Amino acid sequence: MSITTMNASDAAVTEIELAIGGMTCASCANRIERKLNKIDGVTATVNYATEKARVSAPGGVDPAVLVAQVEAAGYTAELPRPQAAEPAAGEPDTESDSTRPLRQRLVASAVLAVPVIAMAMVPALQFTNWQWFSLALASPVVTWAAWPFHRAAWTNLRHGAATMDTLISIGVSAAFVWSLYALQFGTAGEPGMVHPFELTIARGDGTGNIYLEVAAGVTTFILAGRYFEARAKRRAGAALRALLELGAKDVTVLRDGTETRIPIGQLAVGDRFVVRPGERIATDGAVEEGASAVDASMLTGESVPVEVEPGDAVTGSTVNAGGRLIVRATRVGADTQLAQMAKLVEDAQNGKAAAQRLADRISGVFVPVVIALAAATLAFWLGAGAGAAAAFTAAVAVLIIACPCALGLATPTALLVGTGRGAQLGILIKGPEVLESTRRVDTIVLDKTGTVTTGQMSLVEVHVAAGVDETEVLRLAGALENASEHPIAAAIARGARDRVGDLPDVEQFSNVEGLGVHGVVDGHAVLVGRSTLLADWSQPLPPELVTAKATAEAGGRTAVAVAWDGQARAVLVVADVVKPTSARAVAQLRRLGLTPVLLTGDNTTVARAVAAEVGIEASPDTVIAQVLPADKVDVVKRLQTEGRVVAMVGDGVNDAPALAQADLGLAMGTGTDVAIEASDLTLVRGDLRTAVDAIRLSRRTLATIRGNLFWAFAYNLAALPLAAAGLLNPMIAGASMAFSSVFVVANSLRLRRFAAQVDDPPATTAAPVPRSREEAETASAEVVR
């Protein structure tokens, strides 16, 4: 809901969520936030990425007052509309069309700008009155297509701020207005006028020069960058939608002894509902009848299913892996743990400061300097007696040359090449904001299940009693477990098939809830399960198997006893095994200057065993176990409050809030959609070594963007003295912009040579973690090279 009310200290406080429109950069979000916080009793946070404002206000505050306050700052605001149903066939999906206006402006400006640029740069295309044709093509680009930049520049001006939008608007407007003046009152409008291809430096009054290609080209390039960025930003809310879609859509309730299927929205607290094997539990509740194993790894991260029986609590959206359950609903709707997790993700995204564009920061200094220089140029030439026309020409030339075409290419070309190369390596980068965190990251938090480990139970050891054949154990136990739906049984059956091939049929199969299974295989009466099951049948484990079982459990693994024909024969050890590449990945992360931290909902014994296997020192600061989703967020927050810049790697729903909270979230592509949507980078292959390549590629791409921005400004800065001296002619301006654009594109193309990290030696020989930020950045630079 967009408006909720709660009591805090006996005073009603209303939580109001506003959808904000018109923001173009992080400074816009900060401006709106400051405006809202001026209202008495109001506390507001504005997220540029999700385009939402979350406001805590006294109960008596009218939402219309908040909307008016935002509009007074020059932006739009409205209460979000309720979640609509799936669009019917033929109806437009407004969510997917949110970037349509920007796309329309981009396509139109590209079609119109290309011939304008071509005619200005190629004298052979300059037919009689070509300049008027260029004006006709460029006018819609400069007015309609560039309107978002002009509107943002006006908003910034009202608040005494300067961003990239200000620079674009000033440069485009100066180029267009001067071209209009030269065409109407100068010699540029005369039939037969051409831009000769010469790079001579000479002073003139500028009335024979037009800069329409500058105005149209800059607008098109910047729109392209904004469009690709908007496509990435639009996905910010997808994590919440994906999370809420995990819940069951309908449920079988028991009313008057009859099973009735109803939509989940009609389920009420106190209702009794049925959960069959393989179904998702509809909502949070308590088991009243039946016993089963519930796969809760989505919420807890534990790889071993949880055994439940009457009286035990179960959580909505977890999976019933075993028997039939009857559950009484205790929480529904927004009160469920799944809904609370969605709120955690949204809170983390709201609290995650959106990185301000590098170009905006540069523009904040560059724009005032350029305006001051233009004013100084005008004053100097007027004082020198050069005449108003010459003085004004020089001042306008300063404004024109200060708007670099390459600025529009600096970020999108590097992102295009970098993300393309990343896709080839199995790395998906969501947007430019992602890259700014990668250089500063010094701590990487690794989820255990599905990230460091395979996330799937596997048969890892077989311990047999004296004189017992291991193959026979696997045949009989595997056949019996193959008839069970329990995840541990499935692991044993899969491991048995891999080792001995086809398994025989089972007769008289029976499941003993919470203990194990028994049945007849090839004429043998077989028991597989807990040692207490064997004891109940007077088939205790011999001493050597008792020792094997204790050793396995001490290492955090699951031991399953096997007996047949009245005698205990073996112990099978099942575990969620570490991926073969995880230890090498941890070593490579250390070389990048990162401190690895293992974070898991599993028990401490398992966590320490996995940490030791991959080369993470087992200390309270680097191995954190038995944590719930909210605790994972708290761990990331605690590390951030200690001054660390945190990256998080995870794959499950339970990791989504922490991925959103972290400065840099990396999701395994083999994991859930929710984790992928909440993250900044997606690792398609599910190999932890890809995280190393992702961080290296992100840092390299960021460095390329920084280099592009430097050169985008540098070439134009070099031409500013010529403009101020009144010596700038159109070809020098065009050549400067063309050369800077070519350089930026060529520099970005170097990212195509980025290569995956070569395997390091084993983790035991990994380099020590650098002790300082400077050492970390030095180590990273060496790896990147």
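Residues numbered from 1 in each chain as written. Predicted model: local features only at pLDDT ≥ 70, side-chain atom pairs only at ≥ 80, totals over all residues. Heavy atoms only, no water.

**Student:** Is there a simple way to explain the side chain of Thr-453 in this structure?
**Tutor:** Mapped onto the elements, Thr-453 comes out in strand β17 (residues 453–464). Since its relative accessible area comes to 0%, Thr-453 is described here as buried. Those residues in contact with Thr-453, other than ones at most four positions away along the chain, are Lys-448, Asp-576, Val-577, Val-578, Lys-579 and Val-610. (Helix = DSSP H or I, 4+ residues; strand = E, 2+ residues; numbered from the N terminus. Buried < 20%, exposed > 50% of the residue type's maximum accessible area, 1.4 Å probe, protein only. Contact = heavy atoms within 4.5 Å.)

**Student:** Would you take a moment to explain the UniProt feature "transmembrane region" (unreviewed entry) in the protein for this structure?
**Tutor:** Per the UniProt annotation, the sites labelled "transmembrane region" (unreviewed entry) are residues 106–124, 130–149, 161–183, 210–228, 362–382, 388–411, 708–725 and 731–749. Note that residues 106–124 is 84% helix and 0% strand, and that its end C-alpha atoms are spaced 27 Å apart. Taken end to end, residues 161–183 is 87% helix and 0% strand, and its two terminal C-alpha atoms sit 33 Å from one another. (UniProt positions renumbered as here; feature names shortened; annotations may be inferred.)

**Student:** Would you mind going over the sheet that holds strand β27 (residues 681–683) with me for this structure?
**Tutor:** In sheet architecture, strand pairing relies on hydrogen bonds along the backbone and comes in two forms, parallel and antiparallel. Pairing is mixed across the open sheet formed by seven strands, whose spatial order is β15-β27-β26-β25-β16-β23-β24. Where the open sheet ends on each side, the last strands, each with one partner, are β15 (427–429) and β24 (623–624). Relative to β24, strand β23 (residues 595–599) runs parallel, the two sharing two bridges. Note on β24: the bridge partner recorded for Leu-598 is Val-623. Across the sheet, helix α25 (residues 689–724) touches β15, β16 (443–447), β26 (664–668) and β27, and the angle it forms with β15 is around 40°. (Pairing = 2+ DSSP bridges. Axes fitted to C-alpha atoms, helices over the stretch in contact; angles between N-to-C directions.)

**Student:** I'm lost on the sheet that holds strand β18 (residues 507–512) in this one. Help?
**Tutor:** The strand order across the open sheet built from six strands is β17-β22-β21-β20-β19-β18, with neighbouring strands paired in antiparallel fashion. This sheet does not close on itself; its edge strands, each paired only once, are β17 and β18. Recorded for the sheet is a direction-independent mean angle of 20° between the axes of neighbouring strands. Here strand β19 (residues 516–521) pairs with strand β20 (residues 524–529) via six bridges, running antiparallel.

**Student:** How should I be thinking about the nonpolar core in this particular structure?
**Tutor:** When a protein is soluble and globular, its nonpolar side chains tend to lie buried together. In this structure, Leu-446 and Leu-666 are the most contacted members of the largest nonpolar core, which totals 47 residues. Considering every element that reaches this core, the biggest residue donor is α25, with eight residues. When sequence neighbours within four positions are dropped, the list of residues in contact with Leu-446 reads Val-452, Val-586, Leu-589, Pro-596, Val-597, Leu-598, Leu-599, Ile-616, Val-649 and Leu-688. (Core = buried A, V, L, I, M, F, W, Y, C linked by side-chain atoms within 4.5 Å.)

**Student:** Where do I start with the pairing of strand β22 (residues 567–578) in this structure?
**Tutor:** Look at any regular strand and the pattern is simple: side chains alternate between the two faces of the sheet. Counting buried positions along β22 yields ten of twelve residues, so the element is predominantly enclosed. The antiparallel hairpin formed by strand β21 (residues 558–564) and β22 contains two residues in its connecting segment, where Asp-565 sits at a positive phi of about 50°.

**Student:** Please explain helix α4 (residues 130–145) as it appears in this structure.
**Tutor:** It helps to recall that an α-helix has 3.6 residues per turn; residues three or four apart then point in one direction. Helix length check: α4 (16 residues) gives 22 Å between terminal C-alpha atoms against 22 Å at 1.5 Å per residue, within 8%. Remark: the principal bend of α4, roughly 35°, maps to Ala-138, with a proline, Pro-140, within the next four residues. Residues of α4 that are buried: Trp-130, Gln-131, Ser-134, Leu-135, Leu-137, Ala-138, Val-141, Val-142 and Ala-145. (Expected span 1.5 Å × (residues − 1). Bend = angle between axes of the 7 residues up to and from the residue.)

**Student:** Please explain the environment of Ala-293 as it appears in this structure.
**Tutor:** Residue placement: Ala-293 occurs in strand β10 (residues 292–295). Ala-293 sits twelve residues away from Pro-305 along the chain, and the two C-alpha atoms are 5.7 Å apart. Not counting chain neighbours up to four residues away, the residues in contact with Ala-293 comprise Pro-305, Val-306, Glu-307, Val-319, Asn-320, Ala-321, Gly-322 and His-486.

**Student:** Explain unusual backbone geometry here, please?
**Tutor:** Most peptide bonds take the trans configuration, and most residues that are not glycine carry a negative phi. Positive phi, close to 50°, is recorded for Asp-522, a residue that is not glycine. Here Asp-522 lies in the loop between β19 and β20. The residue Gln-626 is not glycine, and still its phi comes out positive at about 55°. Relative to the elements of secondary structure, Gln-626 occurs in the loop between β24 and α22 (629–641). Residue classification places Gln-626 among the exposed positions, given a relative accessible area of 55%.

**Student:** I keep staring at the pattern of salt bridges and nothing clicks. Help me out?
**Tutor:** If charged atoms from side chains of opposite charge come close, those side chains can pair. On inspection of all chains with the given rule, the structure shows 20 salt bridges. In this structure, Glu-279 and Arg-261 form a salt bridge, with 3.9 Å as the shortest nitrogen-oxygen distance. Placement of the pair is Glu-279 in the loop between β8 (272–275) and β9 (284–289) and Arg-261 in strand β7 (residues 258–263), with a sequence separation of 18 residues. Exposure remark for Glu-279: the relative accessible area of 21% places this residue in the partly exposed category. The shortest N-O distance in the salt bridge between Lys-448 and Asp-576 comes to 3.8 Å. In this pair, Lys-448 sits in helix α15 (residues 448–452) while Asp-576 sits in strand β22, placing the two residues 128 residues apart along the sequence. The exposure classification of Lys-448 matches that of Asp-576, with both residues buried. Through salt bridges with shared partners, a single network forms among Arg-272, Glu-288, Glu-289 and Arg-328. (Salt bridge = Lys/Arg side-chain N within 4 Å of Asp/Glu carboxyl O.)

**Student:** Looking at this model, I keep getting lost on the pairing of β8. Mind explaining?
**Tutor:** As defined by bridge partners, strand β6 (residues 250–255) adjoins β8 across three bridges and the pair is classed as antiparallel. The residue of β8 that forms the bridge with Val-253 is Phe-273. Direction of pairing for β8 relative to strand β14 (residues 325–331): antiparallel, over a ladder of four bridges. For Arg-272, the partnering residue across the bridge sits in β14 and is Arg-328.

**Student:** What am I meant to see in the environment of Leu-373 here?
**Tutor:** Examined against the element boundaries, Leu-373 turns out to sit in helix α11 (residues 358–383). Residues Leu-373 and Ala-724 lie 351 residues apart in sequence; the distance between their C-alpha atoms is 7.9 Å. Residues in contact with Leu-373, not counting those within four places in the same chain, are Val-398 and Leu-720.

**Student:** Just checking my understanding: could you explain the environment of Met-23 for this structure?
**Tutor:** If you trace the backbone, Met-23 turns up in the loop between β2 (11–21) and α1 (26–37). On a C-alpha basis, the gap between Met-23 and Thr-76 in space is 8.9 Å, while along the polypeptide they are 53 residues apart.

**Student:** Before we go on, may I ask you to explain the confidence of the model for the protein in this structure?
**Tutor:** Where the model shows low pLDDT, its predicted coordinates should not be examined in detail. Residue-level pLDDT values for the protein average 78, and 80% of them are 70 or greater. Looking at the elements of the protein, mean pLDDT is at its lowest for helix α27 (residues 773–784), recorded as 35, and at its highest for α4, recorded as 93. Here residues 1–11 is a poorly scored stretch, pLDDT under 50, and it has 22 contacts once near neighbours within four places are set aside; other chains count. In the model, residues 82–96 has pLDDT below 50 throughout and makes six contacts with residues more than four positions away in sequence or in other chains. (pLDDT = per-residue confidence, 0-100.)

**Student:** What should I look at first to understand the packing of α4 against helix α5 (residues 147–158) in this one?
**Tutor:** Viewed as axis vectors pointing N to C, α4 and α5 meet at an angle of 45°, and their least axial separation amounts to 5 Å. Judged by the inter-axis angle, α4 sits oblique to α5. Touching Val-142, Thr-143, Trp-144 and Ala-145 of α4 are Trp-147, Pro-148 and His-150, all from α5. Its residues assigned to classes, the contact of α4 with α5 comprises five nonpolar, two polar and no charged. (Parallel < 35°, antiparallel > 145°, perpendicular 65-115°, else oblique. Nonpolar A, V, L, I, M, F, W, Y, C, P; charged D, E, K, R; others polar.)

**Student:** Sorry, what's going on with the packing of aromatic side chains here?
**Tutor:** Two descriptors summarise a pair of aromatic rings, namely the distance from one centre to the other and the angle between the planes of the rings. All told, the structure shown has six aromatic pairs when counted by the stated rule. Relative to Tyr-181, the ring of Trp-178 lies with its centre 5.0 Å away and its plane at 35°, an arrangement referred to as tilted. On the criterion of helical spacing, the pair formed by Trp-178 and Tyr-181 is a turn pair, its members being three residues apart in helix α6 (residues 164–185). When its relative accessible area of 4% is taken as the criterion, Trp-178 is described as buried. Ring centres of Trp-711 and Phe-743 lie 5.1 Å apart, and the angle between their planes is 55°; on these two criteria the pair is classed as tilted. Note that Trp-711 is positioned in helix α25 and Phe-743 in helix α26 (residues 730–749), a separation of 32 residues in sequence. What makes Trp-711 partly exposed here is its relative accessible area of 33%. Here a set of aromatic residues connected by ring pairs shows up, and it is made of Trp-178, Tyr-181 and Phe-185. (Phe/Tyr/Trp six-rings, centres within 6.5 Å; stacked < 30°, edge-to-face > 60°.)

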